[in-house]
Each structure stands twice: as structure tokens, then as C-alpha cells.
Amino acid sequence: MDVALAPAGSVVAPTKLCVPDGDGASPPPRRAYAPGRLQAASTARLALVDGRGARALAAGDGRPVAWLALDPEDADPVRLWRCAIAALRVLRPGFGVDAEAMLAAGPAALTDAVVPLVAAEAATLPEAIMVVLDRCGALGERAAEALPSLTTWLARAPEGSLLVVADAPPAVAAALRDAAGEHATLALDGTVAEADAGATPRTAGTPSARFDGALAAREPATAAAIVAAVWPATLARGEQATVQAWLHELPPKVAAAEPDLFLVRLWATLERGALSTAERQLAEPRVAPELRARGRLLHANDALRRGDLPALAARIEAAAQDDPADGYWHTADALLRAHEALWRGHPRVAHRHFARAAGLAHRHGDRYALTAALGYLALLAAEGGDDDAARRRLGRLEDLADADPAVAEHPVAIGGALAEGRLLELAGALESSVAPLGRAIALARRGGSRFERAEPRLRLGAVHRACQRPELADVLEAEALEILAGCPATGGRLAGRATAVAPATARRDALSPSERAVLRMLPSGLSQREIGAGLFLSVNTVKTHCRNIYTKLGAQSRDEAVARAHQQGLL
């Protein structure tokens, strides 16, 4: 999508970063709460309190405090972490510059890139810190959107740090308590107030505040114009949830009447998989030709994401009827044609289109398109035996990432990670290829096409099998086959590899390949999160596999499952 490459940061009101005085006096003294409980806070990782308790901890705990008062718009998890970085910057000027830039990659980059980087940098601070999220109830029904990133923080935060969440809704508090574990949860007074979400206004002067004001004044056309003016920069900052919330709140007829909302409405429609609605939007008679031309490319890109090569070809040709004098349009057209050729198994044609896309992207200053094109050019060079060309292109990708860390965390970087892994694999450095191929899997989870999600799994599966790790290969290859099974057409670049691995992934017993891989790691004593990291699975997926293992083996615990697996010859 054509979005302005706005600065990753956004203004955070200084008042959000200050510990409030409460009723105008100094913050409540430490003795307002039981001394024993306050002492426990020094070793806990999570404190669930009310606003008064948060102020008491900030005043009396002794750790440096990064304070953030939440507003309703902070329900967007990307904005939440932008504000959290600003709060940490109060403790150390310049904190989190790279992490803030990575936020432009969107919410999918939070849990495995942005939050771990923030945690790693926080560990370099001279003292353990307290991070306070005040007025969590202001997030309202959307508070749960913050949970994945907050649970990641609890798992990755530096030793001795404390996350204080004030006025968390009950469901959010319960989820955080579960994530923190039995030795890491603290509630100072036994009760957590449920704040009135409507009582906290949005930060004055922000687009969200002006949008709310226009709707409150019964001026929906003004609200639509506000969104039309700011959605490109908002998406460029990665705040996708904010844009989707605006569109949800606008009356549909008002949104359709605002010409400059056409592209973002189509994007949101495709994101939720409403393909028939997208077709109707593309056929709207009042759409300007240049906007319809870009919309058709969005439509084609959706076919690529779903792995539908026949639809991709048809939609590219439909878009080609427009052929506007638009550098962005021609760059996107070249990339789509390159992907169609690549996944159909025509590397020379793909190389020609990727090269054209790279030239156009360089000319127009499109870092994201240039990253995508260079990555796949490096991959094609590596597979064609031109290692020098592959390394030169990977070097250019490093320069782009140094200039803008966000591009390295965006799905456009999949090709580069694949290229690095394949270059090492083809050179015989199998163990060294594991990390970049694993990174390609992680990047693809954030929005890659079905082909981009399947290929690194197939490649990494082959590496693990060659390194005598069949249990890991089974998991990856089974996942790849499941992903490719959703593609409307077969054949092309991945067909041979997928056919070769299909017999190896057939079930040998009642446990699936993924479950067998998890089972083999249960005796290790690793946590479920550590097992997931080793198998490239999310912790929730590992939990699901463990439940299935227990059920199939008739076990009630991890130790019992291991014992039964030994009895049945599965270990």
C-alpha cells in the first residue's frame, strides 16, 4: 500500500509520562500499604493494583520509574509500545531508537522483535526498573489487544524489574497473572478497581481526539476527512489497529463518500478476507482512475498472499489495463509479476521483473520495495551459483537496514533471510543456515504469502534432516504441506520439494509430527516457551500440543506423559 514513510515516532504528551499527585498533595507514602507486601514487590515481576497503589509504589519502591498513563487510543498495541518507549526515554535519553523504528513493521513484529529489543536495552540500564501502566481501564474493551506484547515483556524483562498495571479489567488482570506465574504476581490491596472506560478522554489534539470530537458533534463527514488526512502516516507508523478502529466507527455510507478513504477501506476489507465486498468496492463508479489502479494492485497482492497464482495472473492483467504514470504503481506491478514467475518456477523471468522493481524502487526512494526486490535477487543469484552477486545484494540489504531498522523487521525482508540461509546451505554450512532460515519463518508469520511461509520451512526441514534431526524436520515439513494445501493451484517452485517430503511427514502413530517433536523435548526440563523457541512454535501452540499429548497418552502431567511415552516406545 502507498503510505507516506513518516517518522516512526509520534508526539507523546509529557503529562502521560509524569507520576500524578493524586488529590494535589505529594504521592501517597509507602506506609499506605502493608510493609510486607511492598517488600514482596521488590522481587515480583508483576503488580496488579489500583491507581493509588501504583502511585504508592512509584513513590516508595526505590526503583527508577517509567510511568505511562494510558488513554483509549493506546489500545493500539503499536502505539502502546511507542508510548512505553517514550516513558523509558525519561530514564535514559535516546532509549529505544531502533525499537521505535521497528514499530513501523506493524503489530506482528512486537512479540518477537520490538519487545525483546526493548527488554534487552532495559537490561543495560544501571538499575532494575519499574514500568507503570496507569489507567489500564481506559483501554476499554480493546485492553486485551495489549496482552500478547505485555506477556512477552513479562517473559523477557530484565531481572529485578517490575511491571505495575493499574486498574486492569478483570480478564486482562487474570491473563497477566497467569503469564507472570505463581511466584511473580502481586496485588497490593487484594482488589483491583475496574475503571470506567468512558471517563478517560483521548489525548487532546491527537487525530483520535479530533475524530471523537467530530463524531460527538454529529459531523461524520468531518471525522472521515480527518481519517483521510492521517491514515497513510498512521499505517506507516504501524498503527494498523487504530486505522481499523476509525473505519469501524465511521458510518459506512460516510466512509464510502470520502474519496481519499477508498484505498484504506479496500485494504481493511481484504485484511478481514471479505473478497466479495472488495470486488464491489473496486467496482464503485465514483472512484478516481488512479485510485482504482492502485486498488487493483492491492487486490492482486491479496491473491499472492493466499497463494492463488491463477487469480494473481488475472488480477495483474486487470491492473495492467490502467497503466498510470505512477512510479509506485509500476514498482508494485513489477514485484507482483516477479512473484508470479518465481512461484510458478520461472527464475529467469522472475529475475527480470525483480531487477526492474529494484531499479524503480531505488529511483522513487521506496525502501520497502527495494528490500523485497534485492532479497529475491540475492536468492536467485545464490541458487544460480553466483555467490558474489548474492553477497553484494545482501550487503545492500544490510545498508538499508542500518538506515531504517523497520525494513529488516517487515515481511519484505523474507527474501533476504531466505537468500542468506540458502547461500550458507548450498555452501555446506548447514548449522549456520539454521538461524537465517528460522528468521525467514518468523518474518513470514508477520504477513508473508503462503509460498513465503512454506518455503523456509521446507528449506529448514531439509537442513535438520541432513543434520540428523528428523523430529524437527517432520514438524517443519508437515507445517509447510499444510500451508501449501490451502493454495488453489499446485506445481511450480515448491512442488518438487513438497512431493519429496510428503511420505516422510505421514503419521507413524496417534501423535502428529508437531506433537511428537514437543514430546521428545518434554524430558529436557525446558519451559514451554523454550520448547517453542527451539521448534519455531508459539508458546500457545506448544501448550495446545502438550494438552493433546496428555490426552492421547492418558496422562495428567508432564512427568506422567514422559513415563507413558517411554512405556510405548515413543521416547
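A.B. asks: In this structure, what is going on with unusual backbone geometry? I would like to understand it.
C.D. replies: Glycine aside, the phi torsion of most residues is negative, and most peptide linkages are trans. Look at Arg135: it is not a glycine, yet its phi comes out positive at around 60°. Considering the arrangement of structural elements, one finds Arg135 in the loop between strand S3 (130-134) and helix H6 (147-156). Of the residues examined, Arg135 reaches a relative accessible area of 31% and is grouped as partly exposed. Unlike most non-glycine residues, Asp167 shows phi in positive territory, near 60°.

A.B. asks: Where do I start with the pairing of strand S1 (residues 46-49) in this structure?
C.D. replies: The side chains of a regular strand alternate, first on one face of the sheet and then on the other. Both faces of S1 are covered, namely the face carrying Leu46 and Leu48 and the face carrying Ala47 and Val49. Of the pairings in the sheet, the one linking S1 to strand S4 (residues 162-166) comprises four bridges and is parallel in character. Bridging from a neighbouring strand, Leu46 pairs with Leu163 of S4.

A.B. asks: Got a minute to help me understand the side chain of His299 in this structure?
C.D. replies: Among the secondary structure elements, His299 is positioned in helix H14 (residues 289-305). Here the side chain of His299 touches Glu279 through a polar contact of 3.5 Å, side chain to side chain. Apart from residues lying up to four places away in sequence, His299 is in contact with Leu270, Glu279, Leu282 and Arg315.

A.B. asks: Is there a simple way to think about the packing of aromatic side chains in this case?
C.D. replies: To describe a pair of aromatic rings, you give the distance between the ring centres and the angle between the ring planes. By the definition in use, this model includes five aromatic pairs. An angle of 85° between the planes, with centres 6.4 Å apart, marks the rings of Trp343 and Tyr376 as edge-to-face. A residue pair is termed long-range when its members are at least 10 positions apart, and Trp343 in helix H16 (residues 327-344) and Tyr376 in helix H18 (residues 367-383) qualify at 33 residues. This pair shows no difference in class: Trp343 is buried, exactly as Tyr376 is.

A.B. asks: What exactly am I supposed to notice about empty space enclosed by the protein here?
C.D. replies: Over the atoms rolls a probe the size of a water molecule, and its path tells where empty space is left. Tallied over the full model, the rule gives two cavities of 30 Å³ or more. Approximately 90 Å³ is the volume attributed to the largest cavity. Taken together, Ala66, Leu80, Trp81, Ala84, Ala87, Leu88, Val131, Leu133, Leu150, Trp153 and Leu163 make up the full set of residues lining the largest cavity. When contributions to the lining of the largest cavity are tallied by element, the ones reaching two or more residues are helix H3 (77-91), S3 and H6. No other element matches H3, which puts five residues into the lining of the largest cavity. Of the residues belonging to the lining of the largest cavity, the class tally is 11 nonpolar, no polar and no charged. Its boundaries defined by the atoms lining it, the second largest cavity holds a volume of some 30 Å³. Taken together, His464, Leu472, Val475, Leu476, Gly534, Leu535 and Phe536 make up the full set of residues lining the second largest cavity.

A.B. asks: Looking at this structure, I do not really get helix H12 (residues 262-271). What am I missing?
C.D. replies: Every α-helical turn comprises 3.6 residues, leaving residues that sit three or four positions apart pointing alike. Of all 10 residues in H12, nine are buried; the element is thus mostly enclosed. Lining the buried residues of H12 we find helix H9 (220-236), helix H10 (240-249), helix H11 (252-257), helix H13 (275-282) and H14. Following H12 by one or two positions, Gly273 has its phi on the positive side, about 75°.

A.B. asks: Whenever I open this one, the pairing of S3 confuses me. Can you help?
C.D. replies: Burial within S3 is extensive, with five of its five residues counted as buried. What you see with S3 is no split at all: Met130, Val132 and Asp134 on one side and Val131 and Leu133 on the other are buried throughout. Both strand S2 (residues 65-69) and S3 contribute to a ladder of five bridges, which runs parallel. When the bridges of S3 are listed, Trp67 appears paired with Val132. When S3 meets S4, the two strands line up parallel, connected through four bridges. Pairing of Met130 across the sheet is with Leu162, part of S4.

A.B. asks: Can you help me understand the nonpolar core in this one?
C.D. replies: Generally speaking, a soluble globular protein has its nonpolar side chains buried in company with each other. Core analysis: the biggest nonpolar cluster contains 73 residues, and Leu312, Trp343, Phe354, Phe451 and Leu484 have the highest contact counts within it. Counting residues per element, this core draws most heavily on H18, at 13 residues. Ranked by size, the runner-up nonpolar core spans 47 residues in total, among them Leu46, Leu48, Leu88 and Ala119.

A.B. asks: How should I be thinking about the environment of Glu431 in this particular structure?
C.D. replies: Tracing the chain through its elements places Glu431 in helix H22 (residues 430-445). Spatially, the C-alpha atoms of Glu431 and Val463 are 7.8 Å apart, while their sequence positions differ by 32 residues. If sequence neighbours within four positions are ignored, Glu431 has contacts with Cys467 and Arg469.

A.B. asks: Got a minute to help me understand the pattern of salt bridges in this structure?
C.D. replies: When the charged atoms of two side chains with opposite charge come close together, those side chains can pair. Counted according to the given criterion, the structure contains 37 salt bridges. Across the pair Asp74 and Lys16 runs a salt bridge whose closest N-O atoms are separated by 2.6 Å. With a gap of 58 residues between them, Asp74 in the loop between S2 and H3 and Lys16 in the segment before helix H1 (35-40) connect regions that are remote in the sequence. Measuring nitrogen to oxygen at the nearest pair gives 3.4 Å for the salt bridge that ties Glu239 to Arg237. The class of Arg237 is buried, set by a relative accessible area of 15%. Residues joined in a network through salt bridges with shared partners are Glu271, Asp302, Arg305, Arg306, Asp308 and Arg315.

A.B. asks: What is the right way to look at a negative patch on the surface in this model?
C.D. replies: Negative charge collects at one region of the surface, where Glu398, Asp399, Asp402 and Glu420 lie side by side. In terms of residues, the negative patch owes the most to one element, helix H19 (residues 387-403), which gives three residues. Structurally, the position occupied by Glu420 is in helix H21 (residues 414-426).

Calculation rules
For every chain, the first residue of the written sequence is number 1, and numbering continues from 1 onward in sequence order. Since the coordinates come from a predicted model, pLDDT governs what is reported: local features require at least 70, and pairs of side-chain atoms require 80 or more to be given and counted, while whole-chain, interface and lining totals use all residues. Here the side-chain values reflect all heavy atoms present in the structure, with hydrogen atoms and water set aside. Here a helix means four or more residues in a row that DSSP labels H or I, a strand means two or more in a row labelled E, and each is numbered from the N terminus. Partly exposed describes any residue whose relative accessible area lies between the buried limit of under 20% and the exposed limit of over 50%, with all areas from a 1.4 Å probe on protein chains only and scaled to the type maximum. Pairs of strands are assigned from DSSP output, requiring at least two bridges between the strands. We define a polar contact as two N or O atoms separated by no more than 3.5 Å, with the added condition that, inside protein, one atom must be a possible hydrogen donor and the other a possible acceptor, whereas residues neighbouring each other in sequence contribute only through side-chain atom pairs. In what follows, a contact means two residues having at least one pair of non-hydrogen atoms within 4.5 Å. The rule is short: rings of Phe, Tyr and Trp, with Trp giving its six-membered ring, pair when the centres are within 6.5 Å, and they are stacked under 30 degrees, edge-to-face over 60, tilted in between. Every definition here rests on a 1 Å grid over the protein atoms only: cavities are sets of points where a 1.4 Å probe fits but cannot get out, pockets are open sets enclosed by protein on both sides within 12 Å along at least five of seven lines, and lining residues have some atom within 4 Å of a point. Grid points are joined across faces, edges and corners, and a volume is the space filled by probe spheres set on the points. In this classification, Asp, Glu, Lys and Arg are treated as charged, Ala, Val, Leu, Ile, Met, Phe, Trp, Tyr, Cys and Pro as nonpolar, and every other residue, Gly included, as polar. We define the nonpolar core as a collection of buried residues of types Ala, Val, Leu, Ile, Met, Phe, Trp, Tyr and Cys that are connected through side-chain atoms lying within 4.5 Å of one another. The working definition used for a salt bridge is a side-chain nitrogen of Lys or Arg within 4 Å of a carboxyl oxygen of Asp or Glu. Two distance rules govern patches: like charges are joined within 9 Å, and nonpolar side chains (Val, Leu, Ile, Met, Phe, Trp, Tyr) within 5 Å, applied only to residues with over 30% relative accessible area and no salt bridge. Note on areas: Shrake-Rupley, 1.4 Å probe, and residue coverage restricted to the protein chains presented here. Charge convention: Lys and Arg are scored as positive, Asp and Glu as negative, and His as well as the terminal groups of each chain are ignored. Charged groups are reduced to one reference atom each: NZ for lysine, CZ for arginine, CG for aspartic acid, CD for glutamic acid.

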